[in-house]
Amino acid sequence: MSGVLRVDLDAFAANLREIAERVAPATHMLVVKDDAYAHGIEPIVRRAWIEGVRWFGAFDVRTGLAVREVLGDDARIFVWIVATAEEAAEAVAAGLDVGVGDPLLLEDVAAVGGTARVHLKIDTGLHRNGVRPEDWPQFTARAAEHEAAGAIEVVGIWSHIAEASDAEDDASRAVFDEAVHVAEAAGLRPRLRHLAASAASFAWPEFRYDLVRVGAFAYGIRPADGPAESELGIRPIASLVAPVEGVADGVVRIGLGSLDGLPSTLAGVLTIATEGGVRMLHAVDATASTVDGWPGATAGDEVVVLGAGAELSATDAAERIGTIGEEIALRISPLVRREYR
Ligand SMILES: *Cc1c(COP(=O)(O)O)cnc(C)c1O
């Protein structure tokens, strides 16, 4: 017996509606990297499409191609990790929108043939790829040449920010605005400006521009040490459930362990929902864990370890061990069965 991750697609849809309302008139690009934050990419993108999401942030080319396969030609799919010229060619052939944050990749994409849709990336301070402001005039001038030659179409300008300090984020936004001006002066007409992920897109209208790249909030993962789900209008969409395997000496053994992605650092820290009320997680082994017992505990019962219907969300648990919600949610092993309702 082993654990199950139950994903509530109606709750997901409600989060998507909340995001769409919050960020309007900007458009929501749903970020689906890391197997849709471990929720399973195919059911997630199918439901998102039904709910009206048309933009998908896929991270790498492989994920972008997977989304294309599921949703067909009408989905707009943005990838920003393109490692080789071969990958660039694959991305362009599949009609993916390509984030380009270095001059060599710009040449690779332009050389593919077929007019690649490109979003140029300015480094606004995070130093996680992107073209530095001092190199930006030359970079955008080169992009304009390629566009004039019909090799690319520059549809967007984008960057990624820390979303950690207001002052730093405001400074990044000033760099971003300047980069858009420089690109326009070079003759480019980027219609899609995008800067914000979950936190900034909810908090500040001036960070929303045309598109917001939101992942965490769509899955109901709130920021550590930030506003509560209720304040944000979102809720967790997944429950991590484990079966009771046996009871001995007042201790219950559940079929979920560190190999399933339950961090052993949660032992003695994580309280979980059982049929007998809230109980402390005692010890985490490779394939099983122990929990304080309750009267009537029986093999085959279920306990809710994390997420919707549990005592703690992924972010609650993360805060107790000094990390962020994604660190818990993304660690759930692909071997844990996913169920959708
Ligand atoms: C992961 C990621 C996002 C989404 O961030 P969330 O905080 O999960 O909304 C947005 N943009 C980029 C570049 C990312 O890598």
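As recorded in an unreviewed UniProt entry, the protein goes by the name Alanine racemase, listed as coming from Microbacterium fluvii. Note on the protein: under the UniProt heading Cofactor (unreviewed entry), the record states "pyridoxal 5'-phosphate".

Right, let's talk about the packing of aromatic side chains for a bit. A full pass over the atoms with the stated rule returns nine aromatic pairs. Ring plane angle 10° and centroid distance 5.9 Å describe the contact between Phe12 and Tyr219, whose orientation is recorded as stacked. Of this pair, Phe12 sits in helix 1 (residues 9-23) while Tyr219 sits in the loop between strand 9 (211-214) and helix 10 (229-232), and the two are 207 residues apart along the sequence. On the basis of relative accessible area, Tyr219 is assigned to the buried category, the value being 1%.

To continue, consider the site of the ligand. Near the ligand, the surroundings consist of Val31, Lys33, Tyr37, Trp80, Trp158, His160, Ala197, Ser198, Arg213, Val214, Gly215 and Ala216. Lys33 places a side-chain nitrogen or oxygen 2.7 Å from an oxygen atom of the ligand. Tyr37 places a side-chain nitrogen or oxygen 2.6 Å from an oxygen atom of the ligand. Burial of the ligand by the surrounding chains reaches 90%, relative to a free accessible area of 390 Å². More than half of the atoms of the ligand fall within 2 Å of the grid points belonging to the largest pocket. If you list the elements that add at least two residues to the shell around the ligand, you get helix 2 (33-38) and strand 9. Across the shell around the ligand, the residue classes break down as seven nonpolar, three polar and two charged.

Here we take up the UniProt feature "domain: Alanine racemase C-terminal" (unreviewed entry) in the protein. Those residues carrying the UniProt feature "domain: Alanine racemase C-terminal" (unreviewed entry) are residues 256-340 in this numbering. Taken end to end, residues 256-340 has its terminal C-alpha atoms 19 Å apart, with 14% of it in helix and 31% in strand.

This next bit is on the UniProt feature "domain: Alanine racemase N-terminal" (unreviewed entry) in the protein. The feature "domain: Alanine racemase N-terminal" (unreviewed entry), as annotated in UniProt, sits at residues 7-223 in this numbering. Secondary structure within residues 7-223 divides into 46% helix and 19% strand; the distance between the first and last C-alpha atoms comes to 20 Å.

Here we come to the nonpolar core. With 110 residues, the main nonpolar core has Leu30, Leu120, Tyr219 and Val305 as its most contacted residues. Residue contributions to this core peak at six residues, all from helix 1. Each of domain 1 (10-219) and domain 2 (238-340) accounts for three or more of the residues forming this core. Contacts of Tyr219, omitting those with residues within four sequence positions, involve Phe12, Asn15, Leu30, Val31, Val32, Ala36, Tyr37, His39, Ile44, Arg235, Pro236 and Ile237.

Its 15 residues place the ends of helix 1 21 Å apart at the C-alpha level, agreeing with the 21 Å of an ideal helix rising 1.5 Å per residue. Contacts made by the buried residues of helix 1 are with strand 1 (4-7), strand 2 (27-31), helix 3 (41-50), helix 9 (198-203), strand 9 and strand 16 (337-340). For helix 1, the capping residue at the N-terminal end is Asp8, with a side-chain oxygen 3.0 Å from the backbone nitrogen of Asp10.

Rules used throughout
- Each chain has its residues counted from 1, following the order in which its sequence is written.
- Reporting in this predicted model follows two pLDDT cut-offs: at least 70 for local features of residues, and 80 or more for side-chain atom pairs to be given and counted; totals over whole chains, interfaces and linings ignore these cut-offs and use all residues.
- As a rule here, side-chain values come from all non-hydrogen atoms in the structure, and water together with hydrogens is ignored.
- UniProt positions are given in the numbering used here, feature names are shortened, and annotations may be inferred rather than shown by experiment.
- Two rings from Phe, Tyr or Trp (for Trp, the six-membered ring) form a pair when their centres sit within 6.5 Å of each other. Planes less than 30 degrees apart are called stacked, planes more than 60 degrees apart edge-to-face, and all others tilted.
- Put simply, DSSP marks the helices as runs of H or I at least four residues long and the strands as runs of E at least two long, and each gets a number from the N terminus on.
- In this scheme, a residue with accessible area under 20% of its type's maximum is buried, one over 50% is exposed, and one in between is partly exposed, where area comes from a 1.4 Å probe on protein chains only.
- Distances are taken per atom, and a residue is near a molecule or strand as soon as one of its heavy atoms is within 4 Å of it.
- N or O atoms within 3.5 Å of each other form a polar contact, as long as, within protein, one can give a hydrogen and the other can take it, and as long as residues adjacent in sequence are counted only when both atoms are side-chain atoms.
- The Shrake-Rupley method, run with a 1.4 Å probe, gives the accessible areas here. Residue values count only the displayed protein chains as cover.
- Method remark: on a 1 Å grid restricted to protein atoms, a set of points is classed as a cavity if a 1.4 Å probe fits but cannot get out and as a pocket if it is open with protein on both sides within 12 Å along at least five of seven lines; lining residues have an atom within 4 Å of a point.
- For a molecule to be placed in a cavity or pocket, more than half of its atoms must lie within 2 Å of the grid points of that cavity or pocket.
- Following the grouping adopted for this structure description, the nonpolar residues are Ala, Val, Leu, Ile, Met, Phe, Trp, Tyr, Cys and Pro, the charged ones are Asp, Glu, Lys and Arg, and the polar ones are all others, Gly among them.
- Side-chain atoms within 4.5 Å are what join buried Ala, Val, Leu, Ile, Met, Phe, Trp, Tyr and Cys residues into a set we call a nonpolar core.
- Reported domain spans reflect what an automatic or database domain assignment gives.
- Every residue pair with non-hydrogen atoms within 4.5 Å of one another is taken to be in contact.
- One fewer than the residue count of a helix, multiplied by 1.5 Å, yields its expected span.

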